[in-house]
Amino acid sequence: MDNTNTPRRVEHQQTDRGYVPVYATGVVEQPWDNYTRTDHEVWDTLFKRQRELLPGRACKEFLAGVERFGLGDGGIPKFADLNKVLGETTGWELVAVEGLLPDEVFFDHLANRRFPVSWWIRKPDQLDYLSEPDLFHDLFGHVPLLLNPVFADYMQAYGRGGMKAFAIGPEALMNLTRLYWYTVEFGLINTDEGMRIYGAGIVSSKGESIYCLDSAAPNRIGFGLERVMNTRYRIDTFQQTYFVINSFEQLFDATRPDFTPIYAELKSHEAHAAAEVLASDRVFNRGTREGFVQGGDA
Ligand code: PHE
Ligand code: FE
């Protein structure tokens, strides 16, 4: 390994010690020239697979974003090109990172309309499963919806809410993480044309893009803020429950209130298992639970 991937783009900040570089943001320059032919082929293969599968499955806002960015023009996109489009629309900016960031750093990026994207892509033998987010997940999964004004604002509000939850404590942070998981990562949306996917963890996975809509096994339940914030989730299997929103406006409005009293209230409630269906749920599909792995919810 050479040192091409060490941080080159360094942010500066006025502090008590003067104007200093801040390495803690985790931001590097996308080492675009270093991608191999194989890296580009992995992108093209994954892109083609999802592009064929997702019409009629992903929501139209997601599909429009994919086209607008030209994510399928061939090879791994350059963040600088995508940032021109983002700059002209919702004002978000992609920043390249090595991988997962500490919570407070991640929140700070989102709160400032910067979306961190892992610069590296999975290997050809990892097309179907990867335990940590790579470029395909982060870019193909998350970035198209950043062109939607309401979703773009939701992501920023989430970042600000994250800073607040971080200051309150680990339980609050867990409640907020569950909200991210069941919306940004694994959310479904009910549209006039039918149920559609908007979650990044789904659209970047061939298997789950099919399973989440077609399988009778998982629950599909109407979104409720406290319901979601109090429900454990799966990190090692497809989800056992998907939560369905009616619109991005509904999601944004539901998350507008101050969460401080909600965090306090939830402290005294036992969290629901990922597979559980409650009497108060609006049930679109009561899962048959076929193939469910018992236990091991995060
Ligand atoms: N309204 C939330 C709060 O007060 C912040 C938030 C907004 C969290 C949007 C998630 C999504 O903490
Ligand atoms: Fe993600």
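Preceding this paragraph is the structure being described.
Residues numbered from 1 in each chain as written. Chains lettered and ligands numbered in written order. Predicted model: local features only at pLDDT ≥ 70, side-chain atom pairs only at ≥ 80, totals over all residues. Heavy atoms only, no water.

### Regarding the environment of R282
- Here R282 lies in the loop between α12 (260–266) and β10 (283–285).
- It is 38 Å that separates the C-alpha atoms of R282 and V85, two residues lying 197 residues apart in sequence.
- Sequence-distant contacts of R282, defined by excluding residues within four places in its chain, comprise R220, I221, G222 and N246. (Helix = DSSP H or I, 4+ residues; strand = E, 2+ residues; numbered from the N terminus. Contact = heavy atoms within 4.5 Å.)

### Let's talk about the side chain of H109
- Mapped onto the fold, H109 is located in helix α4 (residues 103–111).
- A relative accessible area of 0% means that H109 is categorised as buried.
- Not counting the four nearest positions on each side in its chain, H109 is found in contact with T25, V27, V95, L101, R114 and P116. (Buried < 20%, exposed > 50% of the residue type's maximum accessible area, 1.4 Å probe, protein only.)

### As for the coordination of the iron ion (ligand 2)
- At this site the iron ion (ligand 2) is bound by H137 (NE2), H142 (NE2) and E185 (OE), with donor distances of 2.0 to 2.1 Å.
- Using a relative accessible area of 6% as the deciding quantity, one classes H142 as buried. (Donors = N, O, S within 2.8 Å, 3.2 Å for Na, K, Ca; no water.)

### Digging into the packing of helix α1 (residues 37–53) against helix α9 (residues 206–214)
- Contact geometry of α1 with α9 gives a least axis separation of 10 Å together with a crossing angle of 15°. Our classification of the angle between α1 and α9 gives roughly parallel. α1 and α9 meet at a crossing whose hand is right-handed. Every residue of α9 that contacts α1 at R49, Q50 and L53 is listed here: K206, S209 and I210. (Axes fitted to C-alpha atoms, helices over the stretch in contact; angles between N-to-C directions. Parallel < 35°, antiparallel > 145°, perpendicular 65-115°, else oblique. Left-handed = near helix turned anticlockwise from the far one by under 90°.)

### Things to note about the environment of F140
- On the secondary structure map, F140 appears in helix α5 (residues 135–142).
- For F140, a relative accessible area of 1% corresponds to the buried category.
- Placed 68 residues apart in sequence, F140 and G72 show a C-alpha to C-alpha distance of 9.9 Å.
- Apart from the residues within four sequence positions on either side, F140 is in contact with W43, F47, Q50, L54, F62, V66, L71, L135, V203 and S204.

### Some words on the site of ligand 1
- Looking at ligand 1, the residues that line it are Y154, A157, Y158, G161, K164, L176, L179, T255, R256, P257, D258 and F259.
- At 2.5 Å from an oxygen atom of ligand 1 is found a side-chain nitrogen or oxygen belonging to K164.
- R256 has a polar backbone atom sitting 3.4 Å from a nitrogen atom of ligand 1.
- Protein contacts shield 93% of the accessible area of ligand 1, which totals 320 Å² for the unbound molecule.
- Secondary-structure elements contributing two or more residues to the shell around ligand 1 are α6 (149–168) and α7 (170–185).
- A total of 5 residues in the shell around ligand 1 trace back to one element, the largest contributor, which is α6.
- Split by residue class, the shell around ligand 1 holds 7 nonpolar, 2 polar and 3 charged. (Near = heavy atom within 4 Å. Polar contact = N/O pair within 3.5 Å; in protein donor to acceptor, adjacent residues only side chain to side chain. Areas by Shrake-Rupley, 256 points an atom, 1.4 Å probe, with all protein chains shown as cover. Nonpolar A, V, L, I, M, F, W, Y, C, P; charged D, E, K, R; others polar.)

### A word on the sheet that holds strand β4 (residues 93–97)
- Taken together, 3 strands build an open sheet; the order of strands is β3-β4-β5 and the sheet is mixed. Across the chains shown, the open sheet's two edge strands, defined by having one partner strand only, are β3 (27–28) and β5 (114–118).
- The sheet strands contacting α4 are β3, β4 and β5, and the helix crosses β5 at an angle near 130°. (Pairing = 2+ DSSP bridges.)

### Some remarks on the pairing of strand β6 (residues 188–191)
- In terms of strand pairing, β6 meets strand β7 (residues 194–197) through 4 bridges, oriented antiparallel. Bridging across to β7, I189 finds its partner in R196.
- The turn linking β6 back onto β7 is made up of 2 residues.
- Pairing geometry for β6 and strand β9 (residues 241–245), over 2 bridges, is parallel. Bridging across to β9, I189 finds its partner in I245.

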